Amino acid sequence: MATQATGADPATPRTPGTGRARTSAKGEQTRARLIAAARILLAGGEAGRFTTRNVAALSGVSHGMCHYHFADRTDLIVAVVADIRPEWITPLEEAVAGPGGYAERAERVLTLLTRPESPDLARLHAALHWLALNDERVRVALEAEYGRWRSCFVRLFRALADERGGGTDPAPLGEAFAAAVDGIAAIGSLDGTVDGTRVLRTLLDSLASTVGPRH
């Protein structure tokens, strides 16, 4: 089996004093090219024929170099799972952690959730879900990302509970809202007449009304 990547291309010559940094940068560029090519193939509906050889060919990198950075196709898929995090999870985390009280945070969250998802990202998610059905390592990686995504909504309701006081458990509220968001996204991909913004705002307000001191 190929050695796992350390971030450097083995064939790259080192320059005294600066060679290590240059080698590392070149290795990261190669790795990024491979991940970008993997994303193109997956978003293009090639999940069923996804191989490291095809990814290497598309990126202009040798197959051997691909296996230097990624031990197998699953390593590459898991890297794609992590690579898309800034496009759907990080903005949500920042919206929840940003300044202001619950109302300001909720508004930022709703703005993000009702923003149309790019077609490529939607296709990537679909491909990753399909791959997760047959690869345990992909499933575990994707499950962890969704756990991180759902935790954003739990933290949002925790902020509200802290504002209002009382013993409300934010976990079931956040999990319920996350499930609804996922469901609305699925419905919206098939039926463009559904007013997702109105539905999510109504649900968020309804769940928020349950938060507060118990009488």
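Residues numbered from 1 in each chain as written. Predicted model: local features only at pLDDT ≥ 70, side-chain atom pairs only at ≥ 80, totals over all residues. Heavy atoms only, no water.

A. Examining the environment of Asp-120 more closely. In this structure, Asp-120 sits in helix H8 (residues 119-132). Along the backbone, Asp-120 and Gly-44 are 76 residues apart, and their C-alpha atoms lie at a distance of 8.1 Å. (Helix = DSSP H or I, 4+ residues; strand = E, 2+ residues; numbered from the N terminus.)

B. Molecular detail of the pattern of salt bridges. Taken as a whole and assessed by the stated rule, the structure comprises 11 salt bridges. Here Glu-87 and Arg-39 are joined by a salt bridge, their closest N and O atoms 2.6 Å apart. Of this pair, Glu-87 sits in helix H5 (residues 85-88) while Arg-39 sits in helix H1 (residues 19-43), placing them 48 residues apart in sequence. For Arg-39, a relative accessible area of 18% puts it in the buried group. For Glu-93, the salt bridge is made with Arg-148, and the minimal N-O distance between the two is 2.6 Å. With Glu-93 in helix H6 (residues 90-97) and Arg-148 in helix H9 (residues 136-164), this residue pair connects regions lying 55 residues apart in the sequence. Judged by relative accessible area, which is 31%, Arg-148 ranks as partly exposed. Here the salt bridges do not stand alone but share partners, grouping Arg-39, Asp-83 and Glu-87 into one network. (Salt bridge = Lys/Arg side-chain N within 4 Å of Asp/Glu carboxyl O. Buried < 20%, exposed > 50% of the residue type's maximum accessible area, 1.4 Å probe, protein only.)

C. Quick peek at helix H4 (residues 73-83). All of the buried residues along H4 are Thr-74, Asp-75, Leu-76, Ile-77, Ala-79, Val-80 and Val-81. Between the side-chain oxygen at the start of H4 and the backbone nitrogen of Thr-74 there is a gap of 3.2 Å, and the oxygen is on Asp-72. (Polar contact = N/O pair within 3.5 Å; in protein donor to acceptor, adjacent residues only side chain to side chain.)

D. Here's a closer look at the environment of Gly-165. Tracing the backbone shows Gly-165 in the loop between H9 and helix H10 (170-190). Taking C-alpha positions, Gly-165 is 5.9 Å from Gly-212, a pair spaced 47 residues apart along the chain. Aside from chain neighbours lying at most four places away, what touches Gly-165 is Gly-212 and Pro-213. (Contact = heavy atoms within 4.5 Å.)

E. Up close: the side chain of Thr-168. Along the chain, Thr-168 falls in the loop between H9 and H10. A polar atom in the side chain of Thr-168 sits 3.3 Å from the backbone nitrogen of Gly-212. For Thr-168, the contacting residues outside a window of four places in its chain are Ala-161, Leu-173, Thr-210, Val-211 and Gly-212.

F. Looking closely at the packing of H9 against H10. Here H9 crosses H10 at 125 degrees, and the two axes come no closer than 8 Å. What the angle tells us is that H9 and H10 run oblique. The way H9 lies across H10 gives a crossing that is right-handed. For the pair formed by H9 and H10, the contact residues are Tyr-146, Trp-149, Arg-150, Phe-153, Val-154, Phe-157 and Arg-158 on the first element and Pro-170, Ala-171, Leu-173, Gly-174, Glu-175, Phe-177, Ala-178, Val-181 and Asp-182 on the second. Of the residues that constitute the contact of H9 with H10, the class distribution is 11 nonpolar, one polar and four charged. (Axes fitted to C-alpha atoms, helices over the stretch in contact; angles between N-to-C directions. Parallel < 35°, antiparallel > 145°, perpendicular 65-115°, else oblique. Left-handed = near helix turned anticlockwise from the far one by under 90°. Nonpolar A, V, L, I, M, F, W, Y, C, P; charged D, E, K, R; others polar.)

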